[in-house]
Amino acid sequence: MNTQHGPSPDNQTLPSGRDLALAWHLRLPDSLETAFSEQFRESCARLIPGATAMMMVIYLAAFLVEHLVDPATTALAWRPRLLAMMATGGIFFLARKREPAYARLLQPAVAAMALTQAATSIYLGIIIDHPLSSVYFYICFLGILMLGSLFRIQLYWALPTSLCILGALAVALFGLSDFSFAEALVIWSFTLSGTVMSLFGQYFFERLERRLFLSDRVLNLHRSELRAANLSLESQATEDGLTGTVNRRGLDQRLDSLLHKMQHQARGAPDSIAVLLFDIDYFKPFNDTYGHQAGDECLKQIADVPKTMVQRATDFVARYGGEEFVVVLGGTRMRDALVFAERMRARVERLGIPHSGSRIGVVTISVGVACTSAGATSSEQLIKLADQALYEAKGAARNCVSCVEDDGSIRIMTS
């Protein structure tokens, strides 16, 4: 028994556009169709300057040929030619408008220009009495070819416009001209054949355009998903799973980056950095008394206190290890850092987490504060200074704040 297996994830490739199916009518769901039409209009608008310039050259060349072949024809042809040139010039100025309302008018305006060009050619073919007047009817095919080759309008505009031109040409040839039925049939059949080939090529060109559009959409979706996945992985790699704070690795990266920017005076860099290293007082006895689950809950509650206090984009809270945490405050001088530290200590105390082993019956913290003004030039030096201040705070009955002064001395703050 043959069993078919789907492609393994390792063998899957991103879509190239050829593997995306399209209905025969090419229409996409409404939201995608709108987006594709906007993109197609922008592409069409970029072709307009060159296309209109070429059309003007063709009109002038035709006028010159008419004058050389039969000067009398020029007197009859200049007004219709001027009308066609005015329609072409209007397309040029319309394409220069950047407003969406004008952009939506661009493709119907191109269709109207093609109809104008075909109508003037048919008119000249009827009123001009010359052995070569049949040439004017052949120009209708050039108008149809222009839609798909020069101006690249969408098929749903090119198709009805081409059918209108073919219908007007048939009426003129078989009902209004002096051609015999055979002559009229030859001209019309030639134009019909050229129209079918032009629309056939335009159909497959637009089909390819739509597949590439869908492929780009899928690739962009993959990129967005990949970017989101990378951000998630990066966040997981630098985030402490228990407390939601930055982990030790993230602390080193972000603090080093802040110091580097400050030292090189990068744009938006802080002019000073304060580090607050705090430790939960008597945490081991807390774990022994209340259990590790209660200890984990205690860590989360205390980590939330500084997390709700930091405000700047450069500020963050990190778990340094065990029951130790670091708060990094960018653009903060020692005085403001001490105010922050004291407020944080008081808020932790007000949480009122019961702790029978604490001197005051609730969980408290001790905080050591250091600032770059004390001469630290690296993250290791800055944290080492904060650790020295924390050591003094823990030695002074705990539940207090200590700081390293600019001269290197350590001062215990009293609440």
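A quick note: this is a predicted structure, and the numbers were derived from the prediction, not measured.

Rules and cut-offs
- Residues numbered from 1 in each chain as written.
- Predicted model: local features only at pLDDT ≥ 70, side-chain atom pairs only at ≥ 80, totals over all residues.
- Heavy atoms only, no water.
- Helix = DSSP H or I, 4+ residues; strand = E, 2+ residues; numbered from the N terminus.
- Expected span 1.5 Å × (residues − 1).
- Buried < 20%, exposed > 50% of the residue type's maximum accessible area, 1.4 Å probe, protein only.
- Arc of directions from axis to C-beta.
- Contact = heavy atoms within 4.5 Å.
- Polar contact = N/O pair within 3.5 Å; in protein donor to acceptor, adjacent residues only side chain to side chain.
- Pairing = 2+ DSSP bridges.
- Axes fitted to C-alpha atoms, helices over the stretch in contact; angles between N-to-C directions.
- Salt bridge = Lys/Arg side-chain N within 4 Å of Asp/Glu carboxyl O.
- Patch = residues over 30% accessible without salt bridge, like charges linked within 9 Å, V, L, I, M, F, W, Y side chains within 5 Å.
- Areas by Shrake-Rupley, 256 points an atom, 1.4 Å probe, with all protein chains shown as cover.
- Parallel < 35°, antiparallel > 145°, perpendicular 65-115°, else oblique.
- Nonpolar A, V, L, I, M, F, W, Y, C, P; charged D, E, K, R; others polar.

*Asks:* Got a minute to help me understand helix α7 (residues 248-263) in this structure?
*Replies:* The α-helix winds at 3.6 residues per turn, so residues separated by three or four positions along the chain end up facing the same way. Taking 1.5 Å as the rise per residue, α7 with 16 residues should run 22 Å; its terminal C-alpha atoms sit 22 Å apart, in good agreement. Taken together, the buried positions of α7 are occupied by Gly 250, Leu 251, Leu 255, Leu 258, Leu 259 and Met 262. Taken around the axis of α7, the buried residues stretch over an arc of 150°, which confines them to a single face. As for α7, its buried residues are in contact with β1 (273-280), β2 (316-321), β3 (324-330) and α11 (379-395). N-capping of α7 is provided by Asn 247, with a side-chain oxygen placed 3.2 Å from the backbone N of Arg 249. Within two residues after α7, Gln 265 carries a phi angle of roughly 50°, on the positive side.

*Asks:* Can you walk me through the side chain of Ser 177 in this structure?
*Replies:* Mapped onto the elements, Ser 177 comes out in the loop between α5 (155-176) and α6 (181-237). In terms of polar contacts, Ser 177 uses its side chain to reach the backbone carbonyl oxygen of Leu 173, at 2.6 Å. Among the polar contacts made by the side chain of Ser 177, one reaches the main-chain amide nitrogen of Phe 179 at a distance of 3.5 Å.

*Asks:* Would you explain the sheet that holds β1 in this entry?
*Replies:* If you walk across this open sheet you meet the six strands as β2-β3-β1-β4-β5-β6, and the pairing is mixed. Taken across any chain shown, the strands that pair with only one partner, and hence form the sheet edges, are β2 and β6 (410-413). Pairwise comparison of adjacent strand axes, ignoring direction, gives a mean angle of 20° for this sheet. Looking at chain direction, β1 and β3 are connected through seven bridges and run antiparallel. In the strand pairing of β3, Phe 278 is matched with Phe 325. With respect to the sheet, α7 is in contact with β1, β2 and β3, its orientation differing from that of β2 by roughly 130°. Each of β1, β2, β3 and β4 (365-371) is contacted by helix α9 (residues 292-309), which is oriented at about 160° to β1, the strand it contacts most.

*Asks:* How should the pattern of salt bridges be read in this particular structure?
*Replies:* Note that side chains of opposite charge can pair when their charged atoms are close. The full count for this structure, using the stated rule, is 13 salt bridges. Note that Asp 240 is salt-bridged to Arg 319, the shortest N-O span being 3.4 Å. Taken as a pair, Asp 240 in the loop between α6 and α7 and Arg 319 in strand β2 lie far apart in primary sequence, 79 residues in all. One exposure class covers both Asp 240 and Arg 319, and it is buried. Glu 349 serves as the salt-bridge partner of Arg 345, at 2.9 Å between the closest nitrogen and oxygen. Remark: Glu 349 and Arg 345 occur in helix α10 (residues 334-351); sequence separation between them is four residues, near one turn of the helix. On the basis of relative accessibility, which here comes to 29%, the residue Glu 349 falls in the partly exposed class. Within this structure, Glu 33, Glu 206 and Arg 210 form a network of salt bridges that share partners.

*Asks:* Before we go on, may I ask you to explain the side chain of Thr 195 in this structure?
*Replies:* Residue position: Thr 195 is located in helix α6. Judged by its relative accessible area of 2%, Thr 195 falls in the buried class. Side-chain polar atoms of Thr 195 contact the backbone oxygen of Thr 191, separated by 2.7 Å.

*Asks:* What exactly am I supposed to notice about the environment of Ala 274 here?
*Replies:* Structurally, Ala 274 is set in strand β1. Between the C-alpha atom of Ala 274 and that of Arg 335, which follows or precedes it by 61 residues, the distance is 10.0 Å.

*Asks:* Where do I start with a nonpolar patch on the surface in this structure?
*Replies:* A contiguous nonpolar patch, built from Leu 64, Val 65, Leu 68, Val 69, Leu 132 and Val 135 and spanning about 570 Å² of accessible area, is present on the exposed surface. At four residues, the largest contribution of residues to the nonpolar patch is made by helix α1 (residues 30-69).

*Asks:* Hey, could you run me through α9 in this one?
*Replies:* Taking 1.5 Å per residue, 18 residues should reach 26 Å; α9 reaches 27 Å between its end C-alpha atoms and fits that length. Those residues of α9 that sit buried are Gly 295, Cys 298, Leu 299, Ile 302, Ala 303, Val 305, Pro 306 and Met 309. Taken around the axis of α9, the buried residues stretch over an arc of 140°, which confines them to a single face. Exposed side of α9, more than 90 degrees from the buried face: Gln 293 and Thr 308 are the residues found there. Where α9 is buried, its residues touch β1, α8 (283-290), β2, β3, α10 and β4.

*Asks:* Whenever I open this one, the pairing of β2 confuses me. Can you help?
*Replies:* Moving residue by residue along a regular strand, the side chains alternate between the two faces of the sheet. Counting buried positions along β2 yields five of six residues, so the element is predominantly enclosed. Bridge analysis of β2 against β3 gives five bridges, and the strand direction is antiparallel. Bridging across to β3, Val 317 finds its partner in Val 327. Counting the residues that bridge the hairpin from β2 to β3 gives two residues, and of these Gly 322 lies at a positive phi of roughly 60°.

*Asks:* Help me understand the packing of helix α4 (residues 134-149) against α5 in this model?
*Replies:* Relative placement of two packed helices is described by the angle separating their axes and the distance separating the axes. α5 packs onto α4 with a crossing angle of 175° between their chain directions and a minimal axis gap of 10 Å. With respect to their mutual orientation, α4 and α5 come out roughly antiparallel. Taken together, the residues of α5 that come into contact with α4 (itself represented by Phe 137, Cys 140, Ile 144 and Leu 147) are Ala 158, Thr 161, Ser 162, Ile 165, Leu 166, Leu 169, Ala 172 and Leu 173. In terms of residue class, the contact of α4 with α5 is built from 10 nonpolar, two polar and no charged.

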